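Residue-level structure breakdown
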Amino acid sequence: MTIEQYKAEIQQQLSPARAQHSFNVAEEAVRLAKQYGADPQRAEVAGLLHDYMKETPAKQQLQLLAQFGIIVQETERCAPKLLHAMTGALMAREHFGVTDSAVLDAIRYHTTGRAGMTLLEKVIYIADFVSADRTFPGVEELRACAHRSLDEAVFRGLTFTISDLASGSHPIHEDTLRAYNEYACAAAK
Ligand code: DGI
Ligand code: FE
Ligand code: FE
């Protein structure tokens, strides 16, 4: 499939705002990829497809995961917002025919991050945080940080997510915690 075909499918699948977000993430991901030496073509595909399943009801996503024998962890079951990263990677492979595991993993870990993230995974994680449509308090600072140090931005993003979730008494995914601990331990050395 070509980039134009990806875009047309995204516009069919998602609301105009979410489709625009996907295009913005792809654009930011290409920028970051060029700056930090990741593959811009992979960054564009992962950016475009990362939220493809975001608006699909949790029940349908759980059915899809079951159908493909993918085990859903306790934290994912009680925080259904986490499912779209898993089903997004699945649909990238099954529907869009993406075979590149680097792209599939960048989609798979875009919401939580994980310990030992690849450069492309960091690019997508941060592009999603600072894309042009994001307006949360502190986004300008994170954007500036992202253009200075990708790792510092990832650490800040993880810290922001954990603080925000904990202050709302929400469960925190184990991958998010492991990613955060990796940075926190490195900073403590
Ligand atoms: O899909 P987007 O909105 O573009 O961004 P995203 O994939 O980073 O999803 C962000 C949402 O997911 C946000 O509402 C917080 C939620 N989230 C992210 N990590 C966790 C989480 N929710 C829970 N409960 N636990 C997590 O670890
Ligand atoms: Fe997402
Ligand atoms: Fe997103």
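Residues numbered from 1 in each chain as written. Chains lettered and ligands numbered in written order. Predicted model: local features only at pLDDT ≥ 70, side-chain atom pairs only at ≥ 80, totals over all residues. Heavy atoms only, no water.

Moving on to the overall build of the chain. For the chain, the helix and strand inventory stands at 11 helices and zero strands. What you see in the chain, going N to C, is helices and strands ordered as α-α-α-α-α-α-α-α-α-α-α. What you see for the chain is a C-alpha radius of gyration of 16 Å, in line with the 16 Å of a compact globule of 189 residues. Dimensions of the chain, computed from the C-alpha atoms along their principal axes, are close to 45 × 35 × 30 Å. (Helix = DSSP H or I, 4+ residues; strand = E, 2+ residues; numbered from the N terminus. Rg over C-alpha atoms; globule rule 2.2 N^0.38 Å.)

Attention now moves to the site of ligand 1. In the vicinity of ligand 1, 18 residues are found, and the nearest of them are K54, T111, R134, P171 and H173. Here an oxygen atom of ligand 1 sits 3.1 Å away from a polar atom, N or O, in the side chain of H21. Separating a nitrogen atom of ligand 1 from a backbone N or O atom of P171 is a distance of 2.7 Å. Structurally, ligand 1 is housed in the largest pocket. Secondary structure elements with two or more residues in the shell around ligand 1: α2 (16-36) and α10 (150-167). Residues that form the shell around ligand 1 fall into these classes: five nonpolar, seven polar and six charged. (Near = heavy atom within 4 Å. Polar contact = N/O pair within 3.5 Å; in protein donor to acceptor, adjacent residues only side chain to side chain. 1 Å grid on protein atoms, 1.4 Å probe; cavity = no way out; pocket = protein on both sides within 12 Å on 5 of 7 lines; lining within 4 Å. Sits in = over half its atoms within 2 Å of the grid points. Nonpolar A, V, L, I, M, F, W, Y, C, P; charged D, E, K, R; others polar.)

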